[in-house]
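Chain and residue survey
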Amino acid sequence: MNFRLNKSKVLRNLFIITGILLIGNLFAVYLRLNSNGMESKVSRLIIKLFDFNLEANLPTYFSSLILLCDGILLALIGSRYKALGENFSHWLGLSAIFVFLALDEMMQIHEQFRAPMEALFNTTGIFYYAWFIPYVAVTIIIAIAYFKFMMRLPKTILKLFVLAGVVYISGAVVMEAISGMHSEVHGDETLTYALMYSFEELLEMSGALVFMYALLSYIELKFKTLKVTFSAEEA
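Reference entry: report on the structure contained in this document. (Residues numbered from 1 in each chain as written. Predicted model: local features only at pLDDT ≥ 70, side-chain atom pairs only at ≥ 80, totals over all residues. Heavy atoms only, no water.)

1. Side note on the overall build of the protein chain
Along the backbone of the protein chain there are 9 helices and 2 strands. Viewed in the frame of its principal axes, the protein chain has a C-alpha envelope of about 60 × 40 × 35 Å. Here the protein chain holds 235 residues, and the buried ones make up 41% of them. Summed over its atoms, the accessible surface of the protein chain is roughly 13,600 Å², and 67% of this surface lies on carbon and sulfur atoms. (Helix = DSSP H or I, 4+ residues; strand = E, 2+ residues; numbered from the N terminus. Buried < 20%, exposed > 50% of the residue type's maximum accessible area, 1.4 Å probe, protein only. Areas by Shrake-Rupley, 256 points an atom, 1.4 Å probe, with all protein chains shown as cover.)

Structure follows, in structure tokens:
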């Protein structure tokens, strides 16, 4: 049994799901901010399922799944190059990074760095959410280590990689810093803060989806097609 993936359809359908989750999140934000602590059971369920700022709900699972799919595609590319006897380490390294990001999204590992960083640097302002300090440092190191690898990519793929990275980091770091500044001054129960974290998560999802499109484009360019085959062993 063979399955073929059309990258344009995949991207379109996943962005449709992202849009649905965004609408659900905005509705959840409206319910949370206008209930005055008197949410009904239905309202609490909607908030729990769709609020981008909560853990273990539909947006969290969706983001984790997209990042995990990115990691799997990277591993497939690396495995293919390994079978061809070519350099594959950078691809498998990226795969490990994206699998970690998927786990981080699901388990909020980065939050464990917040208290130690705040205690160490007495952070405020744009560094109010201090967890991203070590993440930014690691990102810079990875960018330097992968510079030559990136420059060897086909130009169209390189542009997609860069676009995906800029969009994702704009959400994960830039919007996180801005929302941290707002939260420090005004708290995190305001409409402005809710719109900020909504935009932040939207950017992260979009960046991961663009990267998936880039990987599917690379597979199509280098290997012509992505085909997954299931076959039953003969008795």
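From this point, the narrative continues.
2. With respect to empty space enclosed by the protein
Evaluated as defined, the whole model comprises 1 cavity of 30 Å³ or more. The calculated volume of the largest cavity comes to roughly 50 Å³. As for the largest cavity, its lining consists of S63, L67, E105, Y168, E201, E204, M205 and A208. Of all the elements in the fold, those that place two or more residues in the lining of the largest cavity are α3 (58–83) and α9 (191–223). (1 Å grid on protein atoms, 1.4 Å probe; cavity = no way out; pocket = protein on both sides within 12 Å on 5 of 7 lines; lining within 4 Å. Points joined across faces, edges and corners; volume = space filled by probe spheres on them.)

3. Re the nonpolar core
With 48 residues, the main nonpolar core has I77, W91, L153, F161 and L215 as its most contacted residues. Elements that contribute at least two residues to this core include exactly α1 (7–34), α3, α4 (89–107), α6 (132–145), α7 (147–151), α8 (155–186) and α9. The element best represented in this core is α9, accounting for 15 residues. Among all residues touching L153, those that are not within four sequence positions of it are W91, L158, F161 and Y218. (Core = buried A, V, L, I, M, F, W, Y, C linked by side-chain atoms within 4.5 Å. Contact = heavy atoms within 4.5 Å.)

4. A look at the packing of α1 against α3
For any two helices packed against each other, the geometry is given by the interaxial angle and the distance between the axes. Following both chains from N to C, one finds α1 and α3 inclined at 155 degrees, their axes separated by 10 Å at the closest point. The orientation of α1 with respect to α3, classified from their angle, is roughly antiparallel. The way α1 lies across α3 gives a crossing that is left-handed. Here L14, I17, T18 and L21 of α1 lie close against α3, whose contacting residues are L58, P59, F62 and I66. Looking at the contact of α1 with α3, its residues break down into 7 nonpolar, 1 polar and no charged. (Axes fitted to C-alpha atoms, helices over the stretch in contact; angles between N-to-C directions. Parallel < 35°, antiparallel > 145°, perpendicular 65-115°, else oblique. Left-handed = near helix turned anticlockwise from the far one by under 90°. Nonpolar A, V, L, I, M, F, W, Y, C, P; charged D, E, K, R; others polar.)

5. Things to note about the environment of W131
Mapped onto the elements, W131 comes out in the loop between α5 (114–121) and α6. Apart from residues no more than four positions distant in its own chain, W131 is found in contact with H110, F113, R114, A172 and E176.

6. Regarding the pattern of salt bridges
The final tally for this structure, using the stated rule, is 4 salt bridges. Between E220 and K7 there is a salt bridge; the shortest N-O distance is 2.7 Å. Linking E220 in helix α9 with K7 in helix α1, this pair joins segments that are 213 residues apart in sequence. With a relative accessible area of 42%, E220 lands in the partly exposed category. E189 is paired through a salt bridge with R32; the nearest N and O atoms lie 3.0 Å apart. Of this pair, E189 sits in the loop between α8 and α9 while R32 sits in helix α1; the two residues are 157 residues apart in sequence, bridging distant segments of the chain. (Salt bridge = Lys/Arg side-chain N within 4 Å of Asp/Glu carboxyl O.)

7. Some details on α3
The terminal C-alpha atoms of α3, which comprises 26 residues, lie 37 Å apart, in line with the 38 Å expected from a rise of 1.5 Å per residue. Downstream of α3 by a residue or two, G85 has a phi angle that is positive, lying close to 75 degrees. (Expected span 1.5 Å × (residues − 1).)

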